[in-house]
Amino acid sequence: MAASNTSNVIGLQKEKVLSNLPKLFLTGEDKVITMIMRNGGLGSVPVSKRSLRIPLQIAPGGKGRLANFDGGTLGRGGSINTVPGFVSTKGFLWALESTTEAYWGTNSNDKSVASLTSLEQAQQMENFKQFLDALFFSPSGTLGVITAISGNVLTVANANNGYIGQDVLFYPALGGTVRSATPSTFAAVDANNKQWTLAAAPPAGTAVGDLVMVDGSPGTAGSSLSSIYDYHVSTNTGTVLTLNRATYPGQLNISAIAGGGALTPVMVRAILQLSIRKIGTKNKDLLNSLKFIVGVEQAAAWEAAGVSISQIFRPQSGQGLKTFDGLPATTPDTMAGRELITQLHGDPTRVDSMLIKNWGMATTKELGPYSPPGSSQTVFPVISTTDGSVVASNLKYWALEADVFCINPAQESAITGLTIPTNL
Amino acid sequence: MLRDGKSTPEFVEKMLAVFGNNPHGTPNYRLIWSERKMLWFMGEVAPEYIYLEPCWILETWLPPIKAAGPEAGWNELMEAMNGEYPRQGVYFFSQNFPQDWSPSEENVRVLAKAIEASKHIPYEQRADAIRENLKAKEREGIERTAQEIDELFDSAAQGRIQQPVTGKKNNFRTPEDFERDQERIGRISHKDYARLPKAGGKLIQ
């Protein structure tokens, strides 16, 4: 009898599946939006669908003058002047859908290395927050502006604002007509090359300069989550909190330096000092909440300035030091002594300072699973449009009805128009 | 500009001298008490580190081009804010220390060495390391959420009230916890078994 070979024992052999599930993508951090929601000075403020009124004092009141107390007329006085700013909440959704069989096929350790239910539950909130964080760095929901198109591949300034599988719409400009009401989908996100690859050809008419906007966007200004860049405007134009900046010159706009070159420590020192002048030196709580927000590009530029320790030598959380024993493992990333938050979303040519105590989130529906009022149902079967029966596919939604606001943008600052280091 | 105040221990100055002097004859690194540092800004001399609680600060000297960019780019606005182009270079913040920290030779030496080593790294490598660290933080966030969900399932499956604590500190299980769970496994359904956490939580008895 011939010796058994592999084909003779193939029926006996087990297939091994590795139990770890590496992620081959990076959707970005949600640190900034989470800070605003939870740890911001104002946190989540419950509001109805009536706009949240934010009282702002615009003038100190009183009139100073020289006086003649020897029988002179003293003159009339004045008092403080306040105006209300307004914030309205908007709806945001994260939708998951899987077939019933996909859940059944993975619902025990015997069948699957991880259950689809657990994976969805573990990841959906993080992913939703990362999506919201991207919106916080995308004014009016503009994830990017197309700088080149080649077939299905779009080039933008920062591809990290999108994620694989995301649906988007194209508009020629804010207030323009959508190129197609049917969303396009990102099949690939290539952050290094700053490119999004669409699953299908872009809609007819899509051109360089078009705005790539979040799905559901009407393509109008202010229709998405308010962005840091809506508040971080250095000119006296446009509106903030529904107030016209031109009416209150210097009071609703930030201090900014036009970088126009590589990031330097002197620029950072200057915007820090500009903020300090607006905050006052005695308001320690507010001063202590100042943080710098940068993308990877400017974080690398900051390292190259030669004052900080490269991340190459930094330990990752929970690990020992990579190279330099004795360097405190908890050494925070700082820029001039203030916390430096490096994240993937936003404009790679900017450094923004934020006073977290000035920020909050007006919230009509807090971030969480969607349920119809009066029900605890969070999973919804798809209903067939042909015969009205249940389809074996299930929808789950995470919802948020809210908007972000900043009560005193004038105390914040930015460096704009910085060059991006070569090869980044 | 430095005003009078808490002086740097001599042994630290000696140790930092190892890292050499700049072309103007002053040390490349210096450790100063934050309240001493003054700054010329918009026509006024003011304390630079007013935004920090008083503390020790390690400063690095930067040549003009690194500190302020090329002189040709020093425009009127920069001059109005910062004064003349800093041809002598600038001492700039590198690292601060907790208020109750006393300078130790070893700690300051390691930091200065790490900053020196960080100066000549290609941008791509820097960016890769930053992204790697971001990825690790994201992974941590997902794991933390998964752990919290596991703990919730643990409580739900066992009908117990769980301490309102989450995270790794809550996952130290005693042999008694393990035995108790083993007993329960015999009593709960397969579906619930699948939901039992890998790490579990500390239950209130």
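Values in this document were obtained by computation on a predicted structure and should not be read as measured data. (Residues numbered from 1 in each chain as written. Chains lettered and ligands numbered in written order. Predicted model: local features only at pLDDT ≥ 70, side-chain atom pairs only at ≥ 80, totals over all residues. Heavy atoms only, no water.)

Undergrad: Please clarify how the overall build of chain B should be interpreted in this entry.
TA: On a plain count of helices and strands, chain B comes out with seven helices and five strands. Reading the secondary structure of chain B in the N-to-C direction produces α-β-β-β-β-α-α-β-α-α-α-α. Here chain B holds 205 residues, and the buried ones make up 45% of them. When the accessible area of chain B is evaluated, it comes to approximately 11200 Å², of which 54% is carbon and sulfur surface. (Helix = DSSP H or I, 4+ residues; strand = E, 2+ residues; numbered from the N terminus. Buried < 20%, exposed > 50% of the residue type's maximum accessible area, 1.4 Å probe, protein only. Areas by Shrake-Rupley, 256 points an atom, 1.4 Å probe, with all protein chains shown as cover.)

Undergrad: What exactly am I supposed to notice about the confidence of the model for chain A here?
TA: Detailed reading of the predicted model is not advised wherever pLDDT is low. Per-residue pLDDT for chain A averages 89, and the proportion of residues at 70 or more is 93%. Confidence over residues 317–326 of chain A falls short of pLDDT 50; this stretch has 22 contacts with residues more than four positions distant or in other chains. (pLDDT = per-residue confidence, 0-100. Contact = heavy atoms within 4.5 Å.)

Undergrad: What is the right way to look at the packing of aromatic side chains in this model?
TA: A ring pair, where both rings are aromatic, is described by two values, the distance of the centres and the angle of the planes. The final tally for this structure, using the stated rule, is 18 aromatic pairs over all chains. With 6.0 Å between their ring centres and 50 degrees between their planes, Y370 of chain A and F380 of chain A make a pair best called tilted. Here Y370 of chain A, found in the loop between β19 (359–369) and β20 (379–383), pairs with F380 of chain A, found in strand β20; they are ten residues apart in sequence, far enough to count as distant. An angle of 65 degrees between the planes, with centres 5.4 Å apart, marks the rings of F19 of chain B and Y29 of chain B as edge-to-face. Here Y29 of chain B lies in strand β1 (residues 29–33) and F19 of chain B lies in the loop between α1 (10–16) and β1, a separation of ten residues in the sequence. Classification of F19 of chain B as buried rests on a relative accessible area of 19%. Among the aromatic side chains, those forming a connected cluster through ring pairs are F136, F137, Y229, Y231 and W359 of chain A. In this structure, K6 of chain B packs its charged tip against the face of W33 of chain B, placed 3.8 Å from the ring centre. (Phe/Tyr/Trp six-rings, centres within 6.5 Å; stacked < 30°, edge-to-face > 60°. Lys NZ or Arg CZ within 6 Å of the ring centre and 35° of its normal.)

Undergrad: Is there a simple way to explain helix α6 (residues 265–279) of chain A in this structure?
TA: Count 3.6 residues to each turn of an α-helix, and residues three or four apart come out pointing the same way. All names here are of chain A. Across its 15 residues, α6 extends 21 Å between first and last C-alpha, which sits within 8% of the 21 Å expected from 1.5 Å per residue. Across the 15 residues of α6, 13 count as buried, placing the element largely inside the fold. Downstream of α6 by one or two residues, G280 has phi in the positive range, about 95 degrees. (Expected span 1.5 Å × (residues − 1).)

Undergrad: Mind showing me how you'd approach the nonpolar core here?
TA: Nonpolar side chains in soluble globular proteins generally cluster together in the buried interior. Counting residues in each nonpolar core, the largest one holds 56 residues, and the members touching the most others are F128, F136, M354 and W359 of chain A. Grouped together as the second largest cluster of nonpolar side chains are 53 residues, A336 and L418 of chain A together with Y51 and A67 of chain B included. (Core = buried A, V, L, I, M, F, W, Y, C linked by side-chain atoms within 4.5 Å.)

Undergrad: What should I look at first to understand the confidence of the model for chain B in this one?
TA: Residues and elements named next belong to chain B. Averaged over every residue, the pLDDT of chain B is 76; residues scoring 70 or more account for 70%. For chain B, per-element mean pLDDT is lowest for helix α7 (residues 190–195), which scores 52, and highest for helix α2 (residues 64–68), which scores 93. Here residues 160–173 is a poorly scored stretch, pLDDT under 50, and it has 41 contacts once near neighbours within four places are set aside; other chains count. Scored below 50 in pLDDT, residues 196–205 shows 37 contacts in the model against residues more than four places distant or in partner chains. Both scores are available for the predicted complex, with the pTM at 0.83 and the ipTM at 0.77.

Undergrad: For this particular structure, what's the right way to read the sheet that holds strand β5 (residues 90–96) of chain B?
TA: Strand pairing in a sheet relies on backbone hydrogen bonds, with the paired strands running either antiparallel or parallel. Residue and element names in this part refer to chain B. Strand order across the open sheet formed by three strands is β1-β4-β5, with antiparallel pairing between neighbours. The open sheet terminates on both sides in strands that have one partner only, identified here as β1 and β5. Across this sheet, the average inter-strand angle for adjacent strands is 35 degrees, counted without regard to direction. As paired strands, strand β4 (residues 56–62) and β5 are joined by six bridges and run antiparallel to one another. Its bridge partner being in β5, L62 is matched across the sheet by V90. (Pairing = 2+ DSSP bridges. Axes fitted to C-alpha atoms, helices over the stretch in contact; angles between N-to-C directions.)

Undergrad: Whenever I open this one, the interface of chain B and chain A confuses me. Can you help?
TA: Contact residues are listed per partner, giving 62 residues for chain B and 69 residues for chain A. Buried surface at the junction of chain B and chain A, both sides included, amounts to about 5900 Å², of which 62% is carbon and sulfur. Among the salt bridges present, the one from E48 of chain B reaches R269 of chain A, with a minimum N-O distance of 3.7 Å. At the boundary of chain B and chain A, one finds ten residue pairs in polar contact (both at pLDDT 80 or more). In terms of residue count, the dominant contributor to the side of chain B that touches chain A is helix α5 (residues 123–158) of chain B (23 residues). For the side of chain B that touches chain A, the per-class residue count stands at 34 nonpolar, twelve polar and 16 charged. (Buried area = accessible area lost by both parts, 1.4 Å probe. Salt bridge = Lys/Arg side-chain N within 4 Å of Asp/Glu carboxyl O. Polar contact = N/O pair within 3.5 Å; in protein donor to acceptor, adjacent residues only side chain to side chain. Nonpolar A, V, L, I, M, F, W, Y, C, P; charged D, E, K, R; others polar.)

Undergrad: Explanation requested: the layout of surface pockets in the structure shown.
TA: If a probe the size of a water molecule is rolled over the atoms, the empty space left behind becomes visible. Residue and element names in this part refer to chain A. Quantified by volume, the second largest pocket comes out at close to 740 Å³. Lining the second largest pocket are 39 residues, and of these P139, S140, G222, Y229 and D230 lie nearest its centre. Elements with a minimum of two residues in the lining of the second largest pocket: β3 (81–87), β5 (142–145), α5 (228–231) and β12 (239–240). With four residues, the single largest contributor to the lining of the second largest pocket is β5. (1 Å grid on protein atoms, 1.4 Å probe; cavity = no way out; pocket = protein on both sides within 12 Å on 5 of 7 lines; lining within 4 Å. Points joined across faces, edges and corners; volume = space filled by probe spheres on them.)

Undergrad: Help me understand unusual backbone geometry in this model?
TA: Trans is the prevailing form of peptide bonds, just as negative phi is the prevailing case for residues other than glycine. Residue and element names in this part refer to chain A. Phi angles above zero are rare outside glycine, and T242 is one such case at about 70 degrees. Inspection of the secondary structure assignment puts T242 in the loop between β12 and β13 (243–244). Residue class for T242 comes out exposed when judged on its relative accessible area of 54%. Positioned with a positive phi, A336 is a non-glycine residue whose angle comes to about 55 degrees. Along the chain, the position of A336 falls in the loop between β16 (334–335) and β17 (338–342). Classification of A336 by relative accessible area gives buried; the value is 2%.

Undergrad: Is there a simple way to think about the environment of P54 of chain B in this case?
TA: Residues and elements named next belong to chain B. Considering the arrangement of structural elements, one finds P54 in the loop between β3 (44–47) and β4. Sequence-wise, P54 and A127 are 73 residues apart; in three dimensions their C-alpha atoms are separated by 33 Å. Every residue in contact with P54, bar those within four places of it in the chain, is listed here: W33, S34, E35 and Q99.

Undergrad: How should the sheet that holds strand β15 (residues 290–294) of chain A be read in this particular structure?
TA: Residue and element names in this part refer to chain A. Strand order in the open sheet formed by six strands is β14-β22-β18-β15-β17-β16, and the pairing between neighbours is mixed. The open sheet has two free edges, formed respectively by β14 (255–258) and β16, since each of these has just one partner strand. Here β15 pairs with β17 via four bridges, running parallel. Its bridge partner being in β17, F292 is matched across the sheet by L340.

Undergrad: Which parts of the structure should I look at to understand the side chain of R245 of chain A?
TA: All names here are of chain A. Note on placement: R245 falls in the loop between β13 and β14. No salt bridge forms around the buried R245; measuring N to O, its nearest opposite-charge neighbour D230 is 7.0 Å away. Here the side chain of R245 touches D230 through a polar contact of 2.7 Å, landing on its backbone oxygen. Beyond its immediate chain neighbours, meaning those up to four positions away, R245 contacts D230, Y231, V233, T235, N236, T237, G238, T239, V240, L252 and N253. (Lys, Arg positive; Asp, Glu negative; His and termini not counted.)

Undergrad: Explain the pattern of salt bridges to me, please; I cannot follow it from the model alone.
TA: Side chains bearing opposite charge may pair, as long as their charged atoms lie close to each other. Evaluated as defined, the whole model comprises 17 salt bridges over all chains. Note that K396 of chain A is salt-bridged to E120 of chain A, the shortest N-O span being 2.9 Å. Of this pair, K396 of chain A sits in strand β21 (residues 390–406) while E120 of chain A sits in helix α4 (residues 116–136); the two residues are 276 residues apart in sequence, bridging distant segments of the chain. K37 of chain B is the salt-bridge partner of E48 of chain B, the closest N and O atoms lying 2.9 Å from each other. Linking E48 of chain B in the loop between β3 and β4 with K37 of chain B in the loop between β1 and β2 (38–41), this pair joins segments that are eleven residues apart in sequence.

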